Each structure stands twice: as structure tokens, then as C-alpha cells.
Amino acid sequence: MIQSFLIDAENKQITNGTVKLWLHKLEGVAFDADNVLDELDYQHLSETIHHHTQHKIKKKVRFFFPRNIRRLKMAHKIEDINKNLKEINKEASNYGLQNIVAGADGSQGPSVGRETDSFGNDPIFLGRENDVSEIVKMMTTPPNGDHVFSILPIVGMGGLGKSTVAREVFHHETIKTHFANRFWVHVSENFDVVILFKKILTSLTGKNIELGNKQALLEKLQKKLGTERFLLVLDDVWNENRKKWDDFINSLRNISCTTGNGIMVTTRLENVASLVATLGIHKLKDLSKDACWSIVKAKAFPRSNVGSEFNAIGVSIAKRCQGLPLAANVVGGFLRGKSIDEWLSIEKNWLSDLGDENLVSNILKLSFNHLSSPSLKRCFAYCSIFPKGFDLEKEQLVGLWMAEGFLGGNDDMESMGGKFFNLLLQNSLLQFGRSVRGLYTDITYYNMHDLVHDLASSILNSRINDQVRYMGLQSISVESSDIPNEQARCLRSLLFNGEICARMFSEFKSLHVLILMSDGGEELPSTIKELIHLRCLDISRTRIKCLPDSVGELYHLQTLRVCNLLEKLPTTTRHLAGLRHLHIPRIELPPEMARLTSLRTLPYFGVGDEKGCGIGELRSLKNLVGELEIYNLEKVQSKEEATSADLLHKPTIFKLKLTWDEDRKGENNDEIVLEGLQPHPDLKSLKIYGFRGRRFPPWYCNISGLNKLMEIKLESCTECEQLPTLGHLPHLKNLYLHNLANVKSIGSSFYGVDDNCGSTSSIGVSKSTLFNVFPALERLELRGMSELREWLEVELPNGAENQLPVVFPCLEYLMVDSCTKLKSAPSHFPCLQELEIYGMDSGLPLASICGMTLISEIHEESCSKLGELPDDVRHLSALEVLIIDDCPNMRELPYDLHSLSALEILRLESCPNLKAIPYPHESHDRQLLLGLSCLRELSVISCEGLVDLEREMMESCELSLEDLHLRGLGSLRMDMGTMIGYCLHKMPCLSRLSIVGVPTATLVINSSSEIGLPLGFRILDVTTTCDQSDSDWTDIVDAVLKASTKSLRKLTLRGTERSRDLPDSLQHLTALSRLWLTGFGEMEALSDWLGNNNNLSSSLQRLLISHCRNFCRLPSKEAMQRLTKLTELGIYYCPLLNLKRRRDGDDDNDDDDDSEWPKISHIPKVEVVS
């Protein structure tokens, strides 16, 4: 009855203020009734569980008196509720509310078709292409000068598309190429510098960073940023306080080791834009009427053409959006699936009344009011429990809706939650945020637009007078006592970021959702059992290692999320009969998991030796969904025991991993065990690890058995002699064959065309001229197959000589690693783009790759017998990356190398017999003479036999080269001084230059004015290995330093045994943040000018000194203290430097006059290795 009145009242509250007050009253009574019914159910569950675990006599003693007392209390509560309901029923009749059928309850879900992905048309991006192009150009072509940052604010009112435009710029290919690092931070109203740096670091690393002090965060961030150029987006900034902004930007500037970085700021306030701008201000204009209509069409008709009858009314509706893309998106989602009559009615009766003021807010309210059910509205409002900009996961959010009862109480709550989620996306009330690559799958995050969040927040806690039911992270301080007891009693959801104490749970007895976020405490208090209504417990953002046994008394618990530090689950877990989702790390499970028959999420199951820990426990878990790893399979004794897991009848497991202990000893029965673990035919991913059978079971070769597989990984199956038949699988995209040490041949049975495998009919050999083998495979890895000798081409079976096989038609990536005996490989990879070869002793015929015109990356490493590349490589017209590493027999590269006009990265490393990189001087081939015109990185390292680098080759890439590394080239016969001068003068894009272990001669330049310095030159690493005077070497380095005083950020100077003095030009570097001095054999001291110099004292942050055998004296204490930015000092293998530390508090007492420690004791981080 309560639910029926709520549904009808939900519709009438929009225009009837009296009904709204009545609704608040009814919801309060409904809350009390829900708690009472929940308590009754809890007591019933408790008695049922104890009935199974205790003797009857104990049960009578324990429950006789308390049960009667509880029943008496419950009777009084029910009597009060019934009395209140009668009064409400009477009022409802007076207000004209109808008791509609419960079947109309929105918890049964709207009429929604199959679930669709959220990426196709959402968000719609139209009408802002020119804005994006303009901003991209501004960010990638900053003004002249040595600027650490170029800051561009994007300004516009709410709903105008600032964040969407910034996101399009953020993902633009030109931006990705220009900025090595990109990170996005949502700021909102709270401009806290420490929190901002934490968010930046989290965005950069992909990991949650513990909140430390500002200095620690900056040190971590500086290391992560390195010397790469970065782009930072600060989204939704409101701060107008110059002091806060200067504090943030100055700190960021001090840890930045390069120039040309970019910052985009989105804001609604022009004052903010004026405060931060260095590139001007980009103001977004209103979209045109036509652009708004295009957005409405794209949203309302995502997969079909727009009927002509919709055009006139559609243009009229688009005009009412007033050029705001958010309004157009929301209106389009609202109109989706509606008839022309409904469009006309909406335009006439609803949109015409919105008015011009607060248009977006009014449209959002309209969209909310027309959501299909009260349950969906509650789900929407509930999202605002999280702070603005918070990353929401679909599965997590659905679990919270379920815990709050918004999805009803049937077995299909997760499916309904998924439909609700998609509807909110469709109506632009949720939007796609970002995607992060996880360990196994990509994780997609969503969020709310700020204006949408404002609406949801206003709805969430305004519905029930002053009784707040849901409290988010930013709503409370760390002390639970700050929440009044009356309010705590009513709370149903709490996100708590503070110290966890035992008494807090007694204050929140109505909680359905508890999310704890705290770094302190490793144990969860046993008083958690007092939360008898709890459905969702999330401690994944804590450091809790141990759960109390009392967790087993949370009989209503549906979802349990723990952190990766948890060591084990309590044995009482078996009592949680309602548990549906158990998110745990790979830990030991308690006995009798079979009793958790509602379980849907169980990522790991370890077979144990104890009673109740066998694999048969899985039989009762018929509802498992998603991913499951079963490990310790060596403890399964027979096929019958394995079959008891009943995997064949678990259709909703789509990822399965079967694991045996790789280090076990003795005999095994792996073949019969695996035969009993046959999965359901709907399986999408299968991984087998540590299997020691010689052959795979019949179900693995069954052509029709596993046709939906998209991923297969076989790893450390060391006894396996023959690969299973896989070539027939129509959807297989990724295949990983790792450490199959006993496989000697890959042949026809693997492809699925062997007579004995009976696969020919399934792939169409007998019915068509063409047939596909591995028709969908995109990625193939062969690793650690130490006995593999041959990888054969497809051989047709008898009677199919006239058929034409199409093999690997979609393969884009191929890795062959540590297959040391492999002597043959197929030549048919028509779509291959990336080839990686490691650890090959044999001469694998690389000539077969020359016809693969689409290949973009080749990586060869540790191929001991590889002597040369094929002569004709010109057909690799799309090749962008070529890496050859640790190939001691490599003697030369082909002339055709210079025809690779798309090549961007060329790395040659540890090829001691490589003599030359030839250049086709006399060729008339125009393609060859074009040379390496797109090359951005050239690295030639530890190639001791290399004699020459052709000047013409360097000239061919002079306009594109950014990084040049020449290291360990002791035989090189060329004037390296001239080379350095040439690089700085002729290569405008050069940013890194490393000349290490290369013979040098005097620089053939008399003054620094003759060197035209590249604008972005920032990293230099130089040394000499020949027996020259220090003055000659210093002249070379001096000339370079004089030309790079304003740009150089990172400098490594490598001396010789005779090196004593540092170049004078070092004093004039104004931007240097990192200095490493190594190998100066005769250097005894660093001069005081290091600290007395204004340039270095205001920029130097890291100083490293290593392998200086005579070094014994640092600059004076006063000079070191003038290096105000210096936060890190490293001293490595300098035996004469005395750094004996004082006792605490005695730094000023000269107990040891020779100690240099007092000079550096003020530096935050000092590392000494002797």
C-alpha cells in the first residue's frame, strides 16, 4: 500500500505543494516500516542460522527470553506504524491520491531493449570543431621565449560545453604527439593545492596516492614527470584567490624540468580566466540553431534517419536550447523514442513554459520529472552522494542502488540496474568520463556534469524535511560525533573518510551502505555487527587486513568490497546467505562457501585441503557472473571431483582461469582433472596456467564447443606436446602461448584443417573456394617455447587441393620471444603492423616480412645469430619503429633502410659487429634519397665496431630529429665536435643530445654565436674516452653550454681519470634543475660559485656526484644554503668525502673538522653510497 501511494504521489508532487508535504510524511513512515520489516527478517535469518549451528537445548536457553522481549518491542512498533498509516490513508483520499497497482512500480523497470554501449553517440560532439582546432594550434605553437607553461583558459556559462571541448583537445592526435604526458584534474570549488597535486599524481600514475605533505607529493611528481613535456587540464576552476593560484603554479614551475608545457583551465568566471591566462582567453560562443538541431537529432535518433515530419518541430525545439549543447543533449535524450505527437505536445506544453532564465536548470528538471519511474529518479538523485567530478564505476553504482532498495528485491536487480544506468546515460544525466587500462580489462569511469550534480543533490536530501538519509564524503568531518544522533539514526548511506572507531557503528544503526576511506587502522571493529540493515560494505580504500568474526552476523549484506591488503576472510562468512558480490584479492577462502548460493561475483576460488574447501563447493554457486580463477587445482584428485564444480552449467562466467601450482613435484593427474573442468560454450576468455598434461582434453578440440571464445592464454604448460585446435574459432582475437617448453611443432592440427580433427566442414573447405583460419585473430604471442623448431604454413587436407586458405587475415601484432630453436615461420601475415622478436638463436627468415606493407613497428632483441636484415625493406612503407638490440652478429643494415620515409624511431643497441649504416650515395632512386625525413629518435648505443655515421643520413633527418643518443661507440671515426655543432645549428627540433663514450675532437666553431640553438633543447649528456687534455674537452662542452643557457634543464657531465675542472659556462645556466657530475678523477672540490651564482641557486633541484675518486670538499655551508631549490643530493662512490653525521642537535659543534655533513644537513633528501 505504501509503495502504491508513493508512486501516485510522485507524479502529483510536481505541481502540488500540499502533496509534497504529505509525501515527506509518508516517506518517514515508510522508512520506519522498512526498518521494522528488516529487523523481523534479520531475526528470522539469525534464528535459522543458529538452528543449524547449535543444539536445540542451547538454542532454547539462549533465545527464550530475548525472543519474547524482542517480539514485544516489535509489536509496539508495528502498532504505531499502522496507526500512522491509517491517518496517511485518510489524508491521501482527501488529496485525491489513488492507490495504483503495485505492478506499475518503476522498480520493475522501464521498457528497455537490450543493453547498448555508452560510447557510440554519447556524448554528442557537434558544432565545436573550429574551437578545438584553434585551441590545439595555440597549445602546440606557444609564443617565442623560454616559457615553462602556456596557460589557456576556456570560459563560458554552465552547459556551454567547456569540459567537452577540453576533452576533445585532450584526446586530439596532435596533442598526444606534442605532449608526452597528459593528465586531467577536476577542481571544482575546493582549490586545495595539496589535493590538486595528489590528483595530478594519481592521474599520472593511474594509482590512488596516499595524501602526504606537499613536499613529498612534489618530489614524487617531479620524478614521474621527468623531462617530458606535459599538458595539464584543470577542469571547472572557481578560485579567484591569486595567492592560492601563485602557490600552485610556482610549485609546479619549480618541479618542471622542461619548457613548452601546457595548461588548460575551464571556468565559468572571467575573473578566474584573467588571473591564470598567459595565451589569452578562449571564450566559447553559443552554438547555432542548426548545430543544436544536429545534436538533438543525433541524440533522439541514434541509429535511424530523421523523418521529414520531425524537421519543423525539431528546429523549433532546438531554438529553445539557446545555443547550449548540454540543453540540446538533454532534450534530445528526453525526446528519444517518442512519436511526432509526443514531440508536438512536449514543445507546446512543456518547453514553451521554461522561460529564458536558468534555461539549462529548467531543462534538466524537465528531463528528471519525465524519467520513467520513481525508482529511476531515486537512482539518479543518489549519484550526488559522491563529490563533483568523482569517477563512478557502473558495477559499483548499481550495487549501491541495489543496497538502497531502488531496484526492488527480485533476482534480476543487477540487470535492472544496468538498464537504469543506460537510461541515465541516454538522457545525458550521466556522462562518459574516462577509460583506464586495468590488469585484465579496461575500466570505464563515468561522472555527472556539475549542473546535473547540483540538481541531483538538491533532490536527494530535500525530499524528507531535515532528515538526511544520504551523506557523502565532503559533507562530514573526520569525527562521527559531528553528526547529531537523531540524524545519524536516519542515515542509510555514509561515505566516511576519517578514523574508524568502535563506537561509531552504534550511532548509524539504519545504514544500508557504508563506504570507509581511511589510511589508518588495520582491523575492522567487531561492533560492525550492530549494522543489521547493512547491504553494502566497502573497505577497498582502507588498509584493513583483518575482518572480525562478527561480519558473519551481517545477514542482509549483499556486497562486500575489501582492500588488497586483506589476509583472509572469517569462517563466519558462510552465514552471509544473501551475499551477491564478494570483491576480494587472491586469499584463502573459509570453508562451506557453497552456502552462499546468491553469490554472483567471486573473482578467486582456491581449492583447499580442509573439509568444505574442495572444488565441489562451486556446484551450488549457480549464479556466478563475470570472472573466476580456480587455483590449487593440483589438490583435485579425479575427473569426478573436478566435474563436481559444474562449470559446464555456469553460462554467465565469461572469463575463466584454471591454475595449477607450477612448482609442485611428483606425479600428476592434470589431464583427467582438466577434462572434468569443461566450461560452458558461452565462455569468452580461457586461461590455463601450470597444466602438466601432455594433451588437452577432447572438449578443447571440439569445433563447435567453444565458438564464442575471444581470448585464450596457455602458460607454463610444460609437458604439453601438441597445441589444441584453435584456428576454427570465429571470434578469437587474442592468443597467448607462453612457456610451452615441450611443443616442437606448430602445424595443421593447430590451424584446424587436420583430417583427424574433423574441422574442415566447419570452416567451409568442402563448400567454398576460400576458407578462413584464425579469421578474427589480432594478437599472437609465442614466448618461452624453447623446443619449438618449426612453425609450418597451413597444409590442406586430402581432397581439398583446389581450396584457398586465408590465414591470419586480421593479425596486427606478433611476438616471438625466447623460441631459441625456431627455424621456420609462415610468411602470410597480410595485416601485420607490429612485430617483436626476442632471444632468437636461429636465423629466423625475416625476409618474409618484407611484403607486409602495413607493419609499423619491428623490435628485435637478443637474436644471437641474426646477421643482417633483408636487402629489400622498401616495402615496409608504414614502418614507424625499428629497434634492434643485443644482436652480436649483426654486421650491416641494408641500403633500403633510407627508403623508410615513415620511420620515426631507430634504435641500434649492443650490436658490437655492426660496421656501418650505409647511405646510397650513387643511387638514382628518389625514394632512397629522401632518407629518414620523419625520424624523431636516433639511438646508437654500445655498437663498438661502428666506424662512421654518414653526414648525408644525419642531414636527411635534421628537420625532424628530437632525440640523438650516441653512446659506447669507441671506434667511431668522425669529428664529434663538428657533430655537436651541426646538431645544435641544423636541427631545430632537437631536445635531447647524448654523446657518451665516443671519441671527440676540438669543436670547429670559434664562438657560441655561430651555434643556432634549438628552441626546445633541454637535455645534454656528454663525455669523452680519448686521451686529450682537459682544456680541449672543456672547450667543446663550453661552446654547447653557452648556446643553451636559457633552455637546458638536465645536464650530465662525464669526466675522465684526468678531468679536474668544470666548464665555466656552467655558471650561466638559468634553467638547470638537475646536474650529474660523474667520473672526474682529479676533481677535489666544488667551488663556492655553485651556490653563490644567482642562476643555479634559483633553479637547481637535484645534484648528483658519483665516481670522483679524489673529491673531498663541497662548497661552503653558506653557498650550499643559497641553493634554495635544492631538495635532493646524491653522493655515490666518492671515498675521500667525509660525511660523518653529527649526533642529533650537534650540527653546529665541530667534533670532526673534516666532516662535510654540516654543509648539507638542511637538504631534505640526501643519499650517500660508498
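Definitions and limits used
- Residues numbered from 1 in each chain as written.
- Predicted model: local features only at pLDDT ≥ 70, side-chain atom pairs only at ≥ 80, totals over all residues.
- Heavy atoms only, no water.
- Phe/Tyr/Trp six-rings, centres within 6.5 Å; stacked < 30°, edge-to-face > 60°.
- Helix = DSSP H or I, 4+ residues; strand = E, 2+ residues; numbered from the N terminus.
- Buried < 20%, exposed > 50% of the residue type's maximum accessible area, 1.4 Å probe, protein only.
- Lys NZ or Arg CZ within 6 Å of the ring centre and 35° of its normal.
- Polar contact = N/O pair within 3.5 Å; in protein donor to acceptor, adjacent residues only side chain to side chain.
- Contact = heavy atoms within 4.5 Å.
- Pairing = 2+ DSSP bridges.
- Right-handed = clockwise from strand over helix to strand, strands pointing away.
- Salt bridge = Lys/Arg side-chain N within 4 Å of Asp/Glu carboxyl O.
- Axes fitted to C-alpha atoms, helices over the stretch in contact; angles between N-to-C directions.
- pLDDT = per-residue confidence, 0-100.
- Expected span 1.5 Å × (residues − 1).
- Arc of directions from axis to C-beta.

K.L.:
It is not clear to me how the packing of aromatic side chains should be interpreted in this structure. Could you clarify?
P.N.:
Two aromatic rings, taken as a pair, are described by how far apart their centres are and by the angle between their planes. Overall, the coordinates contain 28 aromatic pairs when judged by the stated rule. Geometrically, the ring pair formed by Phe191 and Phe248 is edge-to-face, given 5.9 Å between the ring centres and 80° between the ring planes. You can see Phe191 sitting in the loop between β2 (181-188) and α7 (193-205) and its partner Phe248 sitting in helix α9 (residues 242-254), a full 57 residues away along the chain. Judged by its relative accessible area of 4%, Phe191 is buried. Judged by relative accessible area, Phe248 falls into the buried class, the value being 0%. An aromatic cluster of at least three residues, connected via ring pairs, comprises Phe750, Tyr751, Phe774, Trp791, Phe808 and Phe829. The ring of Tyr689 has Lys657 lying over it, and the distance from NZ or CZ to the ring centre is 5.8 Å.

K.L.:
Would you take a moment to explain the side chain of Thr573 for this structure?
P.N.:
The topology assignment puts Thr573 in the loop between β12 (559-561) and β13 (581-583). There is a polar contact of 2.7 Å between the side chain of Thr573 and the backbone oxygen of Pro570. Once residues lying within four places of it in the same chain are set aside, the contact partners of Thr573 are Pro590 and Leu596.

K.L.:
Explain the side chain of Ser994 to me, please; I cannot follow it from the model alone.
P.N.:
Along the chain, the position of Ser994 falls in strand β32 (residues 992-996). Those residues within four positions of Ser994 in sequence are excluded, and the remaining contacts are Leu964, His965, Leu966, Arg967 and Asp1021.

K.L.:
I tried to follow the pairing of strand β30 (residues 937-941) on my own but got confused; where do I start?
P.N.:
A regular strand places its side chains so that they alternate between the two faces of the sheet. Within β30, 5 of the 5 residues are buried, leaving the element largely enclosed by the surrounding structure. Where burial is concerned, the two faces of β30 agree: the one with Glu937, Ser939 and Ile941 and the one with Leu938 and Val940 are both buried. As defined by bridge partners, strand β29 (residues 905-909) adjoins β30 across 5 bridges and the pair is classed as parallel. When the bridges of β30 are listed, Leu908 appears paired with Val940. Where β30 and strand β31 (residues 963-967) come together, 5 bridges link them in parallel fashion. Its bridge partner being in β31, Ser939 is matched across the sheet by His965. The β-α-β motif built from β30, the intervening helix α26 (residues 951-956) and the parallel element β31 has right-handed crossover chirality.

K.L.:
Just to check I follow, could you spell out the sheet that holds strand β8 (residues 470-471) for this structure?
P.N.:
Think of a sheet as strands paired side by side through backbone hydrogen bonds, with each pair either parallel or antiparallel. Taken in spatial order, the 6 strands line up as β8-β9-β10-β11-β12-β13 in an open sheet, and their pairing is parallel. The open sheet terminates on both sides in strands that have one partner only, identified here as β8 and β13. Across 4 bridges, the pairing between strand β10 (residues 513-517) and strand β11 (residues 536-541) is parallel. Bridge pairing in β11 links Met517 to Arg541.

K.L.:
Help me understand the environment of Cys720, please; the structure alone is not making it clear to me.
P.N.:
The topology assignment puts Cys720 in the loop between β18 (711-715) and β19 (734-738). Once the C-alpha coordinates of Cys720 and Asn742 are considered, the two residues, 22 residues apart in sequence, prove to be 5.8 Å apart. Residue contacts for Cys720: discarding those within four places in its chain leaves Gly693, Arg694, Phe696, Asn742 and Val743.

K.L.:
Before we go on, may I ask you to explain the pattern of salt bridges in this structure?
P.N.:
If charged atoms from side chains of opposite charge come close, those side chains can pair. With the rule as written, the count across this model stands at 34 salt bridges. Close ionic contact of Asp454 with Lys388 constitutes a salt bridge, the shortest N to O distance being 2.8 Å. Linking Asp454 in helix α19 (residues 450-460) with Lys388 in the loop between α16 (374-382) and α17 (394-403), this pair joins segments that are 66 residues apart in sequence. The partner of Arg694 in a salt bridge is Glu721, with the nearest N and O atoms 2.5 Å apart.

K.L.:
When you look at the sheet that holds strand β1 (residues 149-155) in this model, what are you seeing that I'm missing?
P.N.:
In space, the 5 strands of this open sheet follow the order β2-β3-β4-β1-β5, with parallel pairing throughout. With partners counted over all chains shown, the strands left at the sheet margins are β2 and β5 (282-283), one partner each. Looking at chain direction, β1 and strand β4 (residues 261-267) are connected through 7 bridges and run parallel. Its bridge partner lying in β4, Ser150 is registered against Gly262. Contacting β1, β3 (230-237), β4 and β5, helix α4 (residues 129-140) runs over the sheet at an angle of about 160° to β1.

K.L.:
Which parts of the structure should I look at to understand the confidence of the model for the protein?
P.N.:
Summary statistics for the protein give a mean pLDDT of 80 and a share of 80% for residues scoring 70 or more. The low-confidence segment residues 55-65, where pLDDT is below 50, has 7 contacts with residues more than four positions distant or belonging to other chains. Counted against residues more than four places away or in other chains, residues 474-481, with its pLDDT under 50, gives 19 contacts.

K.L.:
What am I meant to see in the environment of Met504 here?
P.N.:
In this structure, Met504 sits in the loop between β9 (493-496) and β10. Since its relative accessible area comes to 0%, Met504 is described here as buried. Residues Met504 and Pro525 lie 21 residues apart in sequence; the distance between their C-alpha atoms is 9.6 Å.

K.L.:
Even after reading the chapter, I still don't get α4, so can you show me in this structure?
P.N.:
Every α-helix winds through 3.6 residues per turn, so residues three or four apart in the chain are directed the same way. For α4, built from 12 residues, the straight-helix expectation of 16 Å at 1.5 Å per residue is met to within 8% by its first-to-last C-alpha distance of 17 Å. Along α4, the positions that sit buried rather than exposed are Asp131, Val132, Ile135, Val136, Met139 and Thr140. Summarising the axial view, the buried residues of α4 lie within an arc of 145°, below the 170-degree limit, and thus occupy one face. Those residues of α4 that are exposed and aimed more than 90 degrees away from the buried face are Asn130 and Lys137. Against β1, α5 (162-170), α6 (173-178), β3, β4 and β5 lie the buried residues of α4.

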